[in-house]
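An overview of the molecular structure
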Amino acid sequence: PICFFACPLRLNECRMASVTTNSRTVRFADSLPGASLTEVQEYEVPHIPETTPRGFVECCDALLDSMEAGEPATKRNALAHVEGRVLTLASSRHGSQVVRRALQIAQRGEEQETLVRELHGHVLELAVTSVGSQVLQWCLQLLPPSSAHFIFAEIDDNARSMANHDFGHLVLCRIIENMPRVEIEALASTLLSVSNGVSELWQNSNGQTVVKSLLHYGPPSAQECVRRCLFEHNNLEGLSSAP
């Protein structure tokens, strides 16, 4: 069976490619010139049996199958299809799993950086969604710090609001756990340098998680600042729990 994956929905040129895995062929139709996703599907449907599964989920499953295959050539072919589609994949639960696996099998450094390059400029919008936040966390855990630096650079100015966000605070925790000391010190400064910074963060459960992460993984200066502020406000209970 053949399924279609148009990403993004509109492009100025038509490119067709396919990858075969476990007797399934996935054909990627980026777009016809000026065509929408619906128009691309209508163009191809007459050549496909009515029972053929089509859609984003099937394509993601087939890509994952290809990347799990033992043959290096099959994995490289699948990676080639992921490149240029990472931002769209990072916006869905099924697509995010493709991104995660691609980052795992890509060569550390330049190849990983090529995959995530299209996420640059989109960190804030990704960080406030469940799936996008998870993708950013995987980037911080799997990429070299130099390749993941863009996440810190884009989120630092908004760190205080992110610290209280249900999904954004998890990205901050992964930065604190995985980035070099200079970035962690800068992030700690953004979070703690304002008046009552620690006590304000402590009023929110997500903020508490970030504070605890600083206590466990932050530089000594940040740890001391947090302990002093919490001691002054009698908020030392619960500090032994991990972030």
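Note that the coordinates shown come from a computational prediction; the quantities given were computed from them, not determined experimentally. (Residues numbered from 1 in each chain as written. Predicted model: local features only at pLDDT ≥ 70, side-chain atom pairs only at ≥ 80, totals over all residues. Heavy atoms only, no water.)

**Notes on the overall build of the chain**
Spelled out, the test is: Secondary structure follows DSSP: runs of H or I at least 4 residues long count as helices, runs of E at least 2 residues long count as strands, and numbering of each begins at the N terminus. The buried label applies to any residue whose accessible area, calculated with a 1.4 Å probe on protein chains only, is under 20% of its type's maximum; exposed applies above 50%, and partly exposed to all values in between. Should any heavy atoms of two residues lie within 4.5 Å, those residues are counted as being in contact.
Counting its regular elements, the chain contains 15 helices and three strands. When the 243 residues of the chain are sorted by exposure, 46% land in the buried category. At a minimum sequence separation of 6, the contacts of the chain that also span at least 24 residues come to 65%.

**A look at the UniProt feature "repeat: Pumilio" (unreviewed entry) in the chain**
Under the convention used in this document: UniProt positions are given in the numbering used here, feature names are shortened, and annotations may be inferred rather than shown by experiment.
Mapped onto this numbering, the UniProt entry annotates "repeat: Pumilio" (unreviewed entry) at residues 81-117 and 118-153. Along residues 81-117, the helical share is 70% and the strand share 0%, with 15 Å between the first and last C-alpha atoms. The distance separating the terminal C-alpha atoms of residues 118-153 is 15 Å; by composition the span is 75% helix and 0% strand.

**Describing the nonpolar core**
Our working rule: Nonpolar cores are built from buried Ala, Val, Leu, Ile, Met, Phe, Trp, Tyr and Cys residues. Side-chain atoms within 4.5 Å join them into one set. Domain borders in the structure are assigned automatically or taken from a domain database.
Of all hydrophobic cores here, the largest spans 59 residues; its most connected members are Leu119, Ile151, Leu172, Ile175, Leu191 and Leu192. Summarising the domain contributions, this core has at least three residues from each of domain 1 (54-119) and domain 2 (122-236). Filtering out sequence-adjacent residues up to four positions away, Leu192 remains in contact with Val198, Leu201, Leu214, Ala222, Cys225 and Val226.

**Digging into the pattern of salt bridges**
Pairs can form between side chains of opposite charge once their charged atoms are near each other. Threshold: One speaks of a salt bridge when a side-chain nitrogen belonging to Lys or Arg is within 4 Å of a carboxyl oxygen belonging to Asp or Glu.
For the coordinates displayed, the defined rule picks out five salt bridges. Here Glu185 and Arg181 are joined by a salt bridge, their closest N and O atoms 2.8 Å apart. Of this pair, Glu185 and Arg181 both sit in helix α12 (residues 181-192), four residues apart, roughly one helical turn. By relative accessible area, Arg181 is classed as exposed at 52%.

**Quick word on the packing of helix α3 (residues 72-82) against helix α5 (residues 93-105)**
Here is the rule we go by: Note on method: axes are straight lines fitted to C-alpha atoms, helices fitted across the in-contact stretch only, with angles between N-to-C directions ranging 0 to 180 degrees. Here roughly perpendicular refers to angles of 65 to 115 degrees, roughly parallel to angles under 35, roughly antiparallel to angles over 145, and oblique to all remaining angles. The crossing is said to be left-handed when, going from far helix to near helix, the turn is anticlockwise and less than a right angle, and right-handed when the turn is clockwise. All residues other than Ala, Val, Leu, Ile, Met, Phe, Trp, Tyr, Cys, Pro, Asp, Glu, Lys and Arg, Gly among them, are scored as polar; the first ten of these are nonpolar and the last four charged.
Running from N to C, α3 and α5 cross one another at 125°; their axes reach a closest spacing of 10 Å. In terms of orientation, α3 lies oblique with respect to α5. Considering only the axes of α3 and α5, their crossing is left-handed. Contacts between α3 and α5 involve Lys75, Arg76, Leu79 and Val82 from the first element and Val98, Ala102 and Ile105 from the second. Across the contact of α3 with α5, the residue classes break down as five nonpolar, no polar and two charged.

**Some points on the confidence of the model for the chain**
So the rule is basically this: A score from 0 to 100, pLDDT tells how confident the predictor is in each residue.
Per-residue confidence for the chain gives a mean pLDDT of 77, with 73% of residues at or over 70. Scored below 50 in pLDDT, residues 1-54 shows 109 contacts in the model against residues more than four places distant or in partner chains.

**Some points on helix α11 (residues 168-178)**
Summarising burial for α11: eight of the 11 residues are buried, a large majority. Along α11, the positions that sit buried rather than exposed are Gly168, His169, Val171, Leu172, Cys173, Arg174, Ile175 and Ile176. Contacts from the buried residues of α11 go to α7 (123-127), α8 (130-142), α9 (145-155), α10 (159-163), α12 and α14 (205-217).

**Side note on α9**
Along an α-helix, residues three or four apart share an orientation, since each turn contains 3.6 residues. For α9, the set of buried residues is Ser147, Ala148, Phe150, Ile151, Phe152 and Ile155. If you follow the buried residues of α9, they end up packed against α6 (110-116), α7, α8, α10, α11 and α12.

**Observations concerning the packing of helix α2 (residues 56-68) against α5**
α5 packs onto α2 with a crossing angle of 20° between their chain directions and a minimal axis gap of 9 Å. With respect to α5, the axis of α2 lies roughly parallel. By crossing handedness, the relation of α2 to α5 is classed as left-handed. Contacts from Phe56, Val57, Cys60, Asp61, Leu63, Leu64, Met67 and Glu68 in α2 reach His94, Gly95, Gln97, Val98, Arg101, Ala102 and Ile105 in α5. Residues of the contact of α2 with α5, tallied by class, amount to nine nonpolar, three polar and three charged.

**Quick word on the side chain of Ser92**
Assignment of secondary structure puts Ser92 in the loop between α4 (86-89) and α5. Once residues lying within four places of it in the same chain are set aside, the contact partners of Ser92 are Phe56 and Val131.

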